[in-house]
Amino acid sequence: MALIKCQECGKEISDTAEACPHCGFSSRSENKKKAHRLKDLGAALAIGGAAAASVGGVVLSEPGQTSIHRVCGVIGGFGLLALIVGLLVFIMGRQSE
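Predicted model only: the values in this text are computed from it and were never measured.

Caption draft 1: Structural context of the side chain of S14. Along the chain, S14 falls in strand β2 (residues 12-14). Judged by relative accessible area, S14 falls into the buried class, the value being 18%. A distance of 2.8 Å separates polar atoms of two side chains, one belonging to S14 and the other to T16.

In structure tokens form, the structure reads like this:
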């Protein structure tokens with residue numbers, strides 16, 4: 001058992017304490033909030049990436065190559081990248097809960 005400083009009030013508490021006996025702060029609840037925000041960010045990135053990739057794919061499927069097709073291709077590529085990163089962030093958030 002070691003003593004650590006409370007993140008909220010700065011007083012020394014046991015490293016095994018669920019909450020600070022002085023102010024009631026619980027670092028575990030803060031960690032859960034961070035993990036939840038990480039999951040939300042990952043989900044938003046994945047959804048946005050899927051939407052961008054879909055738009056890029058639909059426009060690229062049309063015949064003829066114009067500059068708008070190239071732009072949509074780039075948007076679709078970034079959308080796929082955002083989708084992959086978003087899924088990874090979402091998984092990391094789930095594992096840290």
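Resuming the write-up.
Caption draft 2: Spatial organisation of the layout of surface pockets. For the largest pocket, the calculated volume is near 160 Å³. Along the walls of the largest pocket sit 15 residues, with I4, I13, S14, A17 and S27 positioned nearest its centre. When residues of the lining of the largest pocket are traced back to their parent elements, those giving at least two are β1 (3-5), β2 and α1 (27-60). Taken together, the residues that form the lining of the largest pocket break down as 7 nonpolar, 4 polar and 4 charged.

Caption draft 3: Representation of helix α2 (residues 67-95). Compared with an ideal rise of 1.5 Å per residue, which puts 29 residues at 42 Å, α2 spans 42 Å between its outermost C-alpha atoms and is within 8% of the ideal. Buried within α2 we find H69, C72, G76, G79, G86, V89 and G93.

Caption draft 4: A nonpolar patch on the surface, seen in detail. Residues L41, L45, V74, F78, L81 and V85 make up a contiguous nonpolar surface patch of about 530 Å² in total accessible area. Put simply, the parts of the chain that give the nonpolar patch at least two residues each are α1 and α2. With respect to the element layout, L81 can be found in helix α2.

Caption draft 5: Focus on the environment of L83. Relative to the helices and strands, L83 is located in helix α2. Its relative accessible area of 23% is what places L83 among the partly exposed residues. Residues L83 and G48, 35 residues apart in the sequence, show an inter-C-alpha distance of 7.2 Å. Excluding its chain neighbours within four sequence positions, the residues that come into contact with L83 are L45, A46, G49 and A50.

Reading the values: rules and limits
Position numbers for residues start from 1 in each chain and track the written sequence from start to end. Only residues with pLDDT of 70 or above have their local features reported here, since the model is predicted, and side-chain atom pairs are shown and tallied only from 80 upward, although totals for entire chains, interfaces and linings are computed over all residues. For the side-chain quantities, the full set of heavy atoms in the structure was used; hydrogens and water were omitted. Per the convention used, a helix needs a DSSP run of H or I reaching at least four residues, while a strand needs a run of E reaching at least two, with both numbered from the N terminus. Per-residue accessibility, obtained with a 1.4 Å probe over protein chains only, is compared with the maximum for each type, and a residue is labelled buried under 20%, exposed over 50%, and partly exposed between these values. Definition of a polar contact: a pair of N or O atoms within 3.5 Å, with one able to donate and the other able to accept a hydrogen when the atoms are protein atoms, and with sequence-neighbouring residues admitted only if both atoms are side-chain atoms. Put simply, the grid is 1 Å and covers the protein atoms alone, a cavity is a trapped set of points that fit a 1.4 Å probe, a pocket is an open set with protein on both sides within 12 Å along at least five of seven lines, and lining residues have an atom within 4 Å of a point. Grid points are joined across faces, edges and corners, and a volume is the space filled by probe spheres set on the points. Under this grouping Gly is polar, as are all residues other than the nonpolar Ala, Val, Leu, Ile, Met, Phe, Trp, Tyr, Cys and Pro and the charged Asp, Glu, Lys and Arg. The span expected for a helix works out to 1.5 Å for each residue beyond the first. Each patch groups residues whose relative accessible area exceeds 30% and which form no salt bridge, using 9 Å between like charges and 5 Å between nonpolar side chains of Val, Leu, Ile, Met, Phe, Trp and Tyr. Computed by Shrake-Rupley with a 1.4 Å probe, the accessible areas treat only the displayed protein chains as cover when residues are assessed. Any Lys or Arg side-chain nitrogen found within 4 Å of a carboxyl oxygen on Asp or Glu counts as a salt bridge. By definition in these notes, contact holds between two residues if any of their heavy atoms fall within 4.5 Å.

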